[in-house]
Amino acid sequence: MKTRNLVSKGQSNNPGPRHLAFIMDGNGRWAESRGMNRSQGHKAGLKALERIVLACSERNIPYVSFYAFSTENWKRPAREIRTIFLLMDLFFRRRMQDLKKRNIRILVSGDWEALPARSREIAETCIRETATATGITVNLCMNYGGQMEMRRACALWAARSHETGDYSLPDETEMRELLYSGLPDVDLMVRTGGDHRISNFLLYQMAYAELFFLEQPWPDFEEGLLQRVLNSFQNRERRMGGLGGAAPARGTKQGARLGSPG
Ligand code: FPP
């Protein structure tokens, strides 16, 4: 597999992220500002997702999560919800061979029992077909909510405790197994679209994530901007609750914004 060096000259404090997560916000506004309907925005959003999956694969970022449909998104009009599921189906059908060729593993996280049966089938096929891939893992969060994930984990653990009579807390490994995907913690979270919140996304896994909030809507997110975020991430000092070493790099404060690509 082709890999690129993530680190620009003289810039590296940190290794690149092991787990990179995206809140793909701004599709609707992107479309509306062009006189299109919101579904067109999600279509353009899918294209951006496909671009970024390839860019992450080329950079060998081990785990990449995308927030594609939240437990709160059911409040949207039925037509828009249908479009999002259809785009997911399209992605799996159109890209499965290419994902396999690129050695990319697909996971879907969330309570996806509630998804249309056909979408579940298509997703299951793609998950099965890519299960042995050893390249990067792409985790699509569908009908996902961080609070729901933790409530579910509590219920699973309570049932286990009841069975075994052991009422101790889960250790780190056991906790990972109780979550939807068991992926490592998120190192870097990027939200496009101008809002500064985490909206119930990977709440447990983001405890020490570096957060980047970008003004650009998701359909405009492209490789150059991704690289700028990665460079900036590598300049942040991550103390993880400790005291750290060097002083934080200038201009890389938590929540710092990036301008449009220069
Ligand atoms: C948020 O923008 C985006 C979503 C709720 C859906 C994102 C879904 C895709 C990009 C396609 C799904 C593809 C796969 C592979 C699962 P918004 O609609 O909230 O934007 P707005 O804030 O401008 O209204």
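Scroll up to find the structure this text is about.
The following paragraphs examine the structure supplied in this document. This is a predicted model, so every value here is computed, not measured.

**Description of the environment of Ala55**
Now for step 1: For Ala55, the position within the fold is in helix H2 (residues 38–58).
Now for step 2: Sequence separation between Ala55 and Gln227 is 172 residues, and the spatial gap between their C-alpha atoms is 9.1 Å.
Now for step 3: If sequence neighbours within four positions are ignored, Ala55 has contacts with Glu223 and Leu226.

**Here we look at the packing of helix H3 (residues 78–101) against helix H4 (residues 117–129)**
Now for step 1: Closest axis-to-axis distance for the H3/H4 pair is 9 Å, and the angle between their directions is 20°. Classified by the angle their axes make, H3 and H4 are roughly parallel. Here the hand of the crossing between H3 and H4 comes out left-handed. In contact with Phe85, Met88, Asp89, Phe92, Arg93, Met96 and Lys100 of H3, H4 contributes Arg118, Ser119, Ile122, Ala123, Cys126 and Glu129.
Now for step 2: The residue makeup of the contact of H3 with H4, split by class, is seven nonpolar, one polar and five charged.

**Some details on the environment of Leu86**
Now for step 1: Relative to the helices and strands, Leu86 resides in helix H3.
Now for step 2: According to the C-beta neighbour criterion, Leu86 is partly exposed, with 17 such atoms within 10 Å.

About the thresholds
Residues numbered from 1 in each chain as written. Predicted model: local features only at pLDDT ≥ 70, side-chain atom pairs only at ≥ 80, totals over all residues. Helix = DSSP H or I, 4+ residues; strand = E, 2+ residues; numbered from the N terminus. Contact = placed C-beta atoms within 7 Å. Axes fitted to C-alpha atoms, helices over the stretch in contact; angles between N-to-C directions. Parallel < 35°, antiparallel > 145°, perpendicular 65-115°, else oblique. Left-handed = near helix turned anticlockwise from the far one by under 90°. Nonpolar A, V, L, I, M, F, W, Y, C, P; charged D, E, K, R; others polar. Buried ≥ 20, exposed ≤ 12 C-beta atoms within 10 Å, placed from the backbone.

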